[in-house]
Amino acid sequence: QVLLVESGGGLVQAGGSLRLSCAASGRTFSSSGMAWFRQAPGREREFVAGINRSGGNTYYGDSVKGRFTISRDNAKTTVYLQMNSLKPEDTAVYYCAASETIYYRTDYFSPQNYRHWGQGTQVTVSS
């Protein structure tokens, strides 16, 4: 079983930055693909960024490319999301997700492919 705990959310002005962290417990972190999703009120859960087991491959949703960076530290069993140039439309609850059985690039984009989820952290960007 993998337990995921997000932190780092908060209120920030447009143009600002935040860094989210997702601390994972369990033995399978280093063998899991990891991702960040977000969900705004009344909207579907949206893929934000994904990273493979080694950290050598990263994937991003079109709306965050060039502004967000995902990374991981397998020794600390933690995945990060650095968010720069934040916009009001980035306001959402951000969720960390993990999957031991995710392998291909396109697999990262669908929330149905993830077995483990954190409780979410709120990010609010004011204009």
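Quick caveat, the model's predicted, so the values are computed rather than measured.

(A) A look at the overall build of the protein chain. Looking only at helices and strands, one finds zero helices and 11 strands in the protein chain. Listing each helix as α and each strand as β along the protein chain from the N terminus yields β-β-β-β-β-β-β-β-β-β-β. By principal-axis analysis of the C-alpha atoms, the protein chain measures approximately 40 × 25 × 25 Å. Counting over 127 residues, the protein chain shows a buried share of 44%. Total accessible area computed for the protein chain in this model is approximately 6,400 Å², and 47% of it derives from carbon and sulfur atoms. Side chains of the protein chain give 13 positive and 9 negative charges; the mean places of these two sets differ by 5 Å.

(B) Representation of the nonpolar core. Met 34, Trp 36, Leu 81, Met 83 and Tyr 94 are the most contacted members of the largest nonpolar core, which has 28 residues in total. For this core, the secondary structure elements donating two or more residues are β3 (18-25), β4 (33-39), β5 (46-51), β7 (68-73), β8 (78-83), β9 (92-99) and β11 (121-126). Grouped together as the second largest cluster of nonpolar side chains are eight residues, Phe 47, Tyr 59, Ala 97 and Tyr 114 included.

(C) Structural context of the pattern of salt bridges. Under the criterion given, the structure shown has four salt bridges. Of the charged contacts, one joins Glu 46 and Arg 38 as a salt bridge, the two residues approaching to 2.8 Å between their closest N and O atoms. Owing to a relative accessible area of 29%, Glu 46 belongs among the partly exposed residues under this scheme. Residues joined by salt bridges that share partners form a network here, namely Arg 38, Glu 46, Arg 67 and Asp 90.

(D) Representation of the state of the cysteines. Taken as a whole, this structure holds one disulfide when the rule is applied. A disulfide bridge connects Cys 22 with Cys 96, and the sulfur atoms are separated by 2.1 Å. Because the torsion about its S-S bond is -80 degrees, the bridge between Cys 22 and Cys 96 counts as left-handed. In this pair, Cys 22 sits in strand β3 while Cys 96 sits in strand β9, placing the two residues 74 residues apart along the sequence. Exposure class is identical for Cys 22 and Cys 96. Each is buried.

(E) Region of the structure containing the sheet that holds β3. Across the sheet, which stays open at both edges, the four strands sit in the order β1-β3-β8-β7 with antiparallel pairing between neighbours. Two strands lie at the open edges of the sheet, namely β1 (3-7) and β7, each paired on one side alone. Geometrically, the sheet is characterised by an average inter-axis angle of 15 degrees between neighbouring strands, direction not taken into account. Strand direction decides the pairing type here: β7 and β8, joined by six bridges, are antiparallel. Of the residues in β8, the one forming a bridge with Ser 71 is Tyr 80.

Definitions and limits used
Residues numbered from 1 in each chain as written. Predicted model: local features only at pLDDT ≥ 70, side-chain atom pairs only at ≥ 80, totals over all residues. Heavy atoms only, no water. Helix = DSSP H or I, 4+ residues; strand = E, 2+ residues; numbered from the N terminus. Buried < 20%, exposed > 50% of the residue type's maximum accessible area, 1.4 Å probe, protein only. Areas by Shrake-Rupley, 256 points an atom, 1.4 Å probe, with all protein chains shown as cover. Lys, Arg positive; Asp, Glu negative; His and termini not counted. Charge placed at Lys NZ, Arg CZ, Asp CG, Glu CD. Core = buried A, V, L, I, M, F, W, Y, C linked by side-chain atoms within 4.5 Å. Salt bridge = Lys/Arg side-chain N within 4 Å of Asp/Glu carboxyl O. Disulfide = S-S within 2.5 Å. Pairing = 2+ DSSP bridges. Axes fitted to C-alpha atoms, helices over the stretch in contact; angles between N-to-C directions.

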